[in-house]
Amino acid sequence: MDYKHSELLRFTTAGNVDDGKSTLIGRLLYDSKSIFEDQLEAVQKASERRGEEGVNLALLTDGLKAEREQGITIDVAYRYFSTPKRKFIIADTPGHTQYTRNMVTGASTANVALILVDARTGIVEQTRRHAFIASLLQIPHLVICINKMDLVDFSEEVYTNIKEEFEKFSYKLDVKDVSFIPISALKGDNIVTRSENTPWYGGGTLLYTLENVHIGSDHNFIDARFPVQFVIRPNNDEFHDYRGYAGRVAGGILKKGDEVTLLPSGFTTKIAKIDSHGGELAEAFPPMSVTVLLEDDYDLSRGDMIVRTHNQPNVSQDLEVMICWFNERPLQLNGKYAILHTTQEARCIIKDIRYRLDINTLHRDVDDTTIRMNDIARVVLRTTKPLFFDSYRRNRITGSIILVDESTNETVAAGMII
Amino acid sequence: MDFNYNLNHLKELEAESMFVLREVAAQFENPVLLFSGGKDSILVTYLAMKAFYPARIPFPLLHIDTGHNFQETLDYRDELVERTGARLIVGSVQEAIDQGRVVEEKGLNASRNFLQTAVLLESMEKGKYDAAIGGARRDERKPAPKERFFSHRDEFGQWDPKNQRPELWNLFNGKKNIGEHFRIFPISNWTELDVWQYLSMEGVNLPSLYFAHQREVFERDGMLLAASEVIQRRPTEIPFETTVRFRTIGDITCTGAVKSTAGTIDDVIDEIAASRVTERGTRADDKRSETAMEDRKKQGYF
């Protein structure tokens, strides 16, 4: 197996207990031979105990005791499988309205959103919600799996109608790449091998799609952004004057000799060296973790940012942000929160609530602006010090924030800068 | 030169783990790296060395020594500490037993795992550590799939599944009250195969226990255990010599060996790729009940 050329793809799934999501994941794990005998044995036993016929693949993805007892998923669970071509990380989230925050969390790092539609019921409120969250979180690729095709006699008409209905509302969303696959997770049609039951379908199987969707340009390779995470000063004889800025490239490509500007100071210098344990690197790009050394001796610290002189981010204390509220305690207008952005931390005040968005109808409510758990809203923030940011549409790393309640330390909101 | 600006999956995992380790150094005052001598904690130590190069790892290694360790593990640990210049702290279960702070289990399947938890929490308190970095992975058994990179623990060291913080993008919230701490899992997203492939790619040395060797073992409940004086045997459990290796390394009393002829990392990768049993399937401590891992986690084991 040529694992040195295998890529990493992260995808998110969301769905109800009933739409076959757990079965689909179980099927992917099982058919890609990622399930071990002892795991299968445990699931077989559990299926027997529950009096179910055959092996319930859905049980493979059930996690905590409490949820196994309730039979529902209560949080984001991460699953892994790989093929010779790619390693996959699944962020598996429940799909009800009250789990919007879990879907947002799973979506934040995903390359692909996998949306399940029951062929018998077609597009429902939940489908729209998933698609909307995928677009809000700027997941680059959507894969719509029209599931339970075996229950509609693998009808092409059913497939086409659902596809057209989805396209009718998704043109309003900000999604770039959508594909549709007719499947049966239970029977395995078009999951790993092409189904003989859908001769009218000319596209790839689900696994083929996941293995081949182009993710090479999912990162921003244009706007050089390097948030300083940690300053490395060995203070020993061998590296006496060494001062390295450790961090993860958040955008663009950094090269030795590039002219850069340091924020917030505004000083301009050049990259002297890009260092790593394995030796000097010619260049660095997202999502690499490297150490940058500068030609001039400026005193940078965590939260500062190294950027290209002729391509700088926004620098401001006033932000317009789409947020998803995560906490049981509603958002406090004019309340103060800690704000985390790249490696920077500040405090902020929520100065205004522009509107609350109904994620089912996309209606903007400007009257009822109480923001509760799982609500999505557009707000205005004022921070205690300037942040260096891009719009979330342009860069998911330099355009995202979280808010932390300073009395409980809980993460209360996630935000996308407009 | 990487023309496509694509990292392979191992390099991407490496970048993520290095980011998490640097976050720990930046966000916490007094972190510690839990070192067990197993390949996962060896990997975390190696990644920490990379993350802070050319400076030393800016936190000490903490080893909870059950007193039932394989000698190979201890030798490897001491050599690693010597080579990296890292600071080593040892919490001794034997000492805790001798001083009567904990009471040892008796009988055939006696294990010091539960005592390990008590000694770990004791060492954490003594060192006033506010973050303990571990090598747990989400591909291990339940409830690991839902674990966070930054896992919050209350003042009793307990994990409350309902009180964990959502993690989005690259933003980790390590804020806490006095007396609370975090467990940090930088290799959350790695699978067993990823770990081996990476160690092979990077040419990292591992303890000899991980490779095929002759050893005196005996069979219990379908597992091969080392014939050591620290495990009580039934009269019917007759030791025999065979070629084995270990897939995980913990305390002698609960680490099962597998029959294997894999002598190099690449042999091991082939063996795992073809394997049909998870590595936790060789751990007696996880077999006690279906929710064994979850129960031990709540108590603060990891």
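Before any of the text, the structure's been laid out above.
All of these numbers come straight from a predicted model, not from anything done at the bench. (Residues numbered from 1 in each chain as written. Chains lettered and ligands numbered in written order. Predicted model: local features only at pLDDT ≥ 70, side-chain atom pairs only at ≥ 80, totals over all residues. Heavy atoms only, no water.)

Novice: Describe the pairing of strand β15 (residues 305-308) of chain A, and please don't skip the residues or the numbers.
Specialist: All names here are of chain A. In the sheet, strand β7 (residues 225-227) pairs with β15 via three bridges, with the strands oriented antiparallel. Looking at the pairing, F226 lines up with I306 of β15. Sheet analysis places strand β11 (residues 259-263) next to β15, joined by four bridges and oriented antiparallel. Within the sheet, the bridge partner assigned to L262 lies in β15 and is I306. (Pairing = 2+ DSSP bridges. Helix = DSSP H or I, 4+ residues; strand = E, 2+ residues; numbered from the N terminus.)

Novice: Please provide a residue-by-residue account of empty space enclosed by the protein, values included.
Specialist: Residues and elements named next belong to chain A. Inspection of the entire model under this criterion finds five cavities of 30 Å³ or more. If you trace the second largest cavity, you find 13 residues lining it, with T12, A14, M103, A113 and H130 closest to the centre. For the lining of the second largest cavity, the secondary structure elements donating two or more residues are β1 (7-15), α4 (100-107), β4 (112-118) and α5 (125-136). The class makeup of the residues in the lining of the second largest cavity is nine nonpolar, four polar and no charged. (1 Å grid on protein atoms, 1.4 Å probe; cavity = no way out; pocket = protein on both sides within 12 Å on 5 of 7 lines; lining within 4 Å. Points joined across faces, edges and corners; volume = space filled by probe spheres on them. Nonpolar A, V, L, I, M, F, W, Y, C, P; charged D, E, K, R; others polar.)

Novice: Quick one: what's the story with the sheet that holds strand β7 (residues 213-220) of chain B, residue by residue and with numbers?
Specialist: Each strand in a sheet pairs with another by means of backbone hydrogen bonds, the pair being arranged parallel or else antiparallel. Residues and elements named next belong to chain B. Pairing is antiparallel in the closed barrel, where four strands are placed in the order β7-β8-β10-β9. Averaged over all adjacent pairs, the angle separating strand axes in this sheet is 70°, with direction ignored. Here β7 runs beside strand β9 (residues 240-246); their pairing, made up of five bridges, is antiparallel. Its bridge partner being in β9, Q214 is matched across the sheet by T243. (Axes fitted to C-alpha atoms, helices over the stretch in contact; angles between N-to-C directions.)

Novice: Run through the packing of α5(A) against helix α6 (residues 156-170) of chain A, naming residues and quoting values.
Specialist: All names here are of chain A. Running from N to C, α5 and α6 point in directions that differ by 50°, and their axes come no closer than 11 Å. Judged on the interaxial angle alone, α6 and α5 are oblique. Handedness of the α5/α6 crossing: right-handed. Contact with α5, carried on its side by T127, R128 and A131, involves E165, F166 and F169 of α6 and no other residues of that element. (Parallel < 35°, antiparallel > 145°, perpendicular 65-115°, else oblique. Left-handed = near helix turned anticlockwise from the far one by under 90°. Contact = heavy atoms within 4.5 Å.)

Novice: Tell me about helix α2 (residues 39-52) of chain B, residues and numbers included.
Specialist: In this model α2(B) runs 20 Å from its N-terminal to its C-terminal C-alpha over 14 residues, within 8% of the 20 Å that 1.5 Å per residue would give. Of all 14 residues that make up α2(B), 13 are buried, and the element is covered over most of its length. (Expected span 1.5 Å × (residues − 1). Buried < 20%, exposed > 50% of the residue type's maximum accessible area, 1.4 Å probe, protein only.)

Novice: Can you explain the packing of aromatic side chains? Please cite residues and give values.
Specialist: Overall, the coordinates contain 28 aromatic pairs over all chains when judged by the stated rule. Between A:F81 and A:F88, the ring centres sit 4.7 Å apart and the planes meet at 20°, which makes this aromatic pair stacked. Assessed through its relative accessible area of 3%, A:F81 is described here as buried. Ring centres of A:F166 and A:F169 lie 5.0 Å apart, and the angle between their planes is 70°; this geometry places the pair in the edge-to-face category. Of this pair, A:F166 and A:F169 both sit in helix α6, three residues apart, which is roughly one turn of that helix. Here A:F166 falls in the buried class, since its relative accessible area comes to 1%. Linked through ring pairs, B:F19, B:F28, B:F149, B:F150, B:F172 and B:F182 together constitute an aromatic cluster. The residue whose ring lies beneath A:R128 is A:F169, and the NZ or CZ to ring-centre distance is 5.4 Å. Over the face of the ring belonging to A:Y78 we find B:R138, whose NZ or CZ atom lies 4.0 Å from the ring centre. (Phe/Tyr/Trp six-rings, centres within 6.5 Å; stacked < 30°, edge-to-face > 60°. Lys NZ or Arg CZ within 6 Å of the ring centre and 35° of its normal.)

Novice: Describe in detail the pattern of salt bridges, supporting the description with residues and values.
Specialist: Residue and element names in this part refer to chain A. Tallying each qualifying case throughout the model produces 42 salt bridges over all chains. Notably, a salt bridge pairs E7 with R86, separated by 3.0 Å at the nearest N-O pair. Residue E7 is found in strand β1, and its partner R86 is found in strand β3 (residues 86-94); the two are separated by 79 residues along the sequence. R394 is the salt-bridge partner of D223, the closest N and O atoms lying 2.8 Å from each other. (Salt bridge = Lys/Arg side-chain N within 4 Å of Asp/Glu carboxyl O.)

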